[in-house]
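Working through the structure, step by step
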Amino acid sequence: MKASIYFPFGFPTKEKSLTIFEEVATSPVQYVEIGIPYSDPSADGEILQYASQVAIENGVKVKDVWEAVDLVKRHGKKAVIMTYANIIYQYGIDEFVEEAKRHALDGIIVPDITVEEFPQKLKLLKPIFLVPPNVKEERLERIVRNSGEFVYIQSRLGITGQKEKFDPRVKWILDEIKEIDKDKNKFIGFGIHSANDVKLFRKLGANGIIVGSALVKAIMEGKGIEETIDNLLDT
Amino acid sequence: MLRQSLMTEPDERGYFGRFGGRFVPESLIPALDELTEAFYRLRNQQKFQEELADYNRHYGGRPSPLYFAKRLTEYAGGARIFLKREDLIHGGAHKFNNAMGQGLLTKYLGKKRIIAETGAGQHGTATAMIGALLGIETVIYMGEKDIERQQPNVQRMRLMGADVVPVKTGSRTLKDAVNEALRDWVRNVETTHYLIGSVVGPHPFPLMVRHFQSVIGQEVKHDFLEYFGELPDLVMACVGGGSNAAGSFHPFIEDTKVKLLGVEAGGKGDQANSRSITCGSQGILHGSMSYLLQNEEGQVKEAHSVSAGLDYPGVGPELAYWNETGRVDFTYAADKEALDAMRLLSRLEGIIPALESSHAIARAIDVAKTMDKDERIVVTLSGRGDKDLETIQGKMT
């Protein structure tokens, strides 16, 4: 099972987050998702809202995020940036794309830009799109064909970090994606908290998981990064 | 040249020029598509129109009066000032118009639950009313700070059976209440309608809310043609998210002889205000591209206004478009000016305006002075001020 681990840049401070990115990058994961905090993260649950707020209060600067990207790449892992639309628009799409290319970014996740709205220029950064359980069949194919390194399948409707039941439609989505493109990486995220969750989705045909809030929570509780990731991946 | 650039409908992706669109998670797309389809169909359907008109008249108290404010006019000493009395509509504000329209739409969609955000509590009150009226479960998100300063409305909502959920994140005001409502919506999108209270949010909300609010401007137009045989020279309204302004202005957009003026909340000055149009920059918030108050990193700033209903760092995309095309002018009034205008109107006319509407009244007095006595201004009095009595304690001299 592959893994993509999300962590917000600048939380709890810029320096500490860089240390955390380094540790994540040396653990047995394939992707490191670097979150750029936004003041109004309407797709995120309480844990990531809190982390974003702290990072912003600490004066996180978007231009400093490339340090984190370089660090992840140095450890031979793929680096993905996750942020909201307004952050990229304010940075300037052209400048953002140019910088990202210079730092060999491997993908970008923008939860509030759908496949139709995604600016042509920004598509150069190999966007990874989210697939929610209520996706309509006719949209699924377009989303899968436009997704870069993997397709991000939401385990349920809602926001990040909640412990609720997984949506049974996930199985249909996994099967459907296999039909559309048998080689496409299928990663599952939203509320992945235990090795059992991971086992379940592997059985359903996913080949990767995405962890975000669980790691932030573990760090807030003073738990070790390696231990947390090992427990999830059951290695 | 202006004539060509005017558009009265957004394009099929929900854009008014470069403003609008849909910046939302994929999970909301099915609901937004369904809503768009239903709205386009129902707004032209006779049965829906008749049912809405019936509720508007017998439940809401429409049409609202157009009142000639004689003593206010004499005080200003210029153009004649008319007030469009939305404060007399059921619930005490124009918010009824939109809540009624969307509430009925929810019923047609077969959804069993309504959620809404509220700042001053007027939209929350209107939504609670409609929830009770139509027998739909209603949940209202309201910032903790607004709950403190708008207690009477909180009690009204609860009395009518709505669940009022305090929002403790961020600035604990309207902006954060919208975020929390959006989070609820992505969780429960298949059973719930999000009854947005202003001309903001992803397409079709800005269009739909403006449509239901346009009854304000349509009635003004009708009354003017009936009484005077001509249109007003100027229409004014306060602007937070912009719903009463959009509803007042839209029916006059193609009547280019009618000047339109929106009044934003100037707050305490350059560093603490809610002037998204006159002080903000282009950006994305709550699902659409518009103007907002933000720093150079793209983080949204806290807005400030003495009136909770204008205390919002964004504005509807159609108003941003009207600003850019020059069809509507925008200005602002400070906290203190609004407070003064509230007192003035109360004493001169025996009408206590909401602090929100008081911003428009404050500027109307100045503008009237510069106009001829035979000219006519209409100011939309978007709501009544009873809810603000606690806020103004100690602020008035």
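Residues numbered from 1 in each chain as written. Chains lettered and ligands numbered in written order. Predicted model: local features only at pLDDT ≥ 70, side-chain atom pairs only at ≥ 80, totals over all residues. Heavy atoms only, no water.

Thoughts on the environment of Pro 30 of chain B
Its place among the elements puts Pro 30 of chain B in helix α2 (residues 29-42). Spatially, the C-alpha atom of Pro 30 of chain B lies 28 Å from that of Glu 50 of chain B, the residues being 20 residues apart in sequence. Sequence-distant contacts of Pro 30 of chain B, defined by excluding residues within four places in its chain, comprise Asn 134 and Lys 136 of chain A. (Helix = DSSP H or I, 4+ residues; strand = E, 2+ residues; numbered from the N terminus. Contact = heavy atoms within 4.5 Å.)

Here we look at the sheet that holds strand β2 (residues 31-35) of chain A
The strands making up a sheet associate through backbone hydrogen bonding, with each pair oriented either parallel or antiparallel. All names here are of chain A. In space, the eight strands of this open sheet follow the order β4-β3-β2-β1-β8-β7-β6-β5, with parallel pairing throughout. Each of the sheet's edge strands pairs with one partner strand only, and the pair in question is β4 (107-109) and β5 (130-131). Bridge count between strand β6 (residues 151-154) and strand β7 (residues 186-189): four bridges; the pairing is parallel. Bridge assignment links Ile 153 to a residue of β7, and that residue is Ile 188. Sheet contacts for helix α9 (residues 213-220): β1 (2-8) and β8 (208-211); angle to β1, the most-contacted strand, approximately 55 degrees. (Pairing = 2+ DSSP bridges. Axes fitted to C-alpha atoms, helices over the stretch in contact; angles between N-to-C directions.)

Side note on the side chain of Gln 299 of chain B
Mapped onto the elements, Gln 299 of chain B comes out in the loop between β13 (288-292) and α14 (317-325). Judged by its relative accessible area of 5%, Gln 299 of chain B is buried. Looking at Gln 299 of chain B, its side chain comes within polar contact range of the main-chain nitrogen of Ser 39 of chain A, at 2.8 Å. Discounting chain neighbours no more than four positions away, the residues touching Gln 299 of chain B are Pro 37, Tyr 38, Ser 39, Ile 56 and Ile 87 of chain A together with Leu 293 and Gln 294 of chain B. (Buried < 20%, exposed > 50% of the residue type's maximum accessible area, 1.4 Å probe, protein only. Polar contact = N/O pair within 3.5 Å; in protein donor to acceptor, adjacent residues only side chain to side chain.)

Observations regarding the sheet that holds strand β7 (residues 163-167) of chain B
Residues and elements named next belong to chain B. What the four strands build is an open sheet, ordered β7-β6-β5-β8; its pairing is parallel. Each edge of the sheet is formed by a strand with only one pairing partner; in this case those strands are β7 and β8 (192-194). The mean angle between the axes of side-by-side strands here comes to 25 degrees, regardless of whether they run parallel or antiparallel. Alignment of strand β5 (residues 113-118) against β8, held across three bridges, turns out to be parallel. Each bridged residue has a counterpart across the sheet, and for Arg 113 the counterpart in β8 is Thr 192.

Observations concerning the pattern of salt bridges
Overall, the coordinates contain 47 salt bridges over all chains when judged by the stated rule. Note that Lys 223 of chain A is salt-bridged to Glu 221 of chain A, the shortest N-O span being 3.2 Å. For Lys 223 of chain A, a relative accessible area of 45% translates into the label partly exposed. Relative accessible area serves as the criterion here: at 44%, Glu 221 of chain A is assigned to the partly exposed category. Its salt-bridge partner being Arg 43 of chain B, residue Glu 9 of chain B comes within 2.9 Å of it at the nearest N-O pair. With a gap of 34 residues between them, Glu 9 of chain B in the loop between α1 (2-5) and β1 (15-16) and Arg 43 of chain B in the loop between α2 and α3 (46-58) connect regions that are remote in the sequence. With relative accessibility at 29%, the residue Glu 9 of chain B sits in the partly exposed group. (Salt bridge = Lys/Arg side-chain N within 4 Å of Asp/Glu carboxyl O.)

A closer look at the packing of aromatic side chains
All names here are of chain B. A full pass over the atoms with the stated rule returns 29 aromatic pairs over all chains. Both rings, one in Phe 68 and one in Phe 82, keep their centres 5.2 Å apart while their planes meet at 40 degrees; by these two values the pair is tilted. Separated by 14 residues along the polypeptide, Phe 68 in strand β3 (residues 66-68) and Phe 82 in strand β4 (residues 80-85) bring together distant segments of the chain. Taking relative accessible area as the criterion, Phe 82 reaches 5% and is therefore assigned buried. Aromatic pair Tyr 227 and Phe 228: ring centres 6.1 Å apart, planes at 85 degrees, arrangement edge-to-face. The partly exposed category is assigned to Tyr 227, whose relative accessible area is 48%. A relative accessible area of 27% places Phe 228 in the partly exposed class. The rings of Phe 39, Tyr 40, Phe 48, Tyr 108 and Phe 212 are connected pair by pair, giving a single aromatic cluster. Positioned above the aromatic ring of Phe 252 is the side chain of Lys 221, whose terminal nitrogen or guanidinium carbon lies 5.6 Å from the ring centre. The aromatic ring of Tyr 332 is capped on one face by Arg 275, whose charged end is 3.6 Å from the ring centroid. (Phe/Tyr/Trp six-rings, centres within 6.5 Å; stacked < 30°, edge-to-face > 60°. Lys NZ or Arg CZ within 6 Å of the ring centre and 35° of its normal.)

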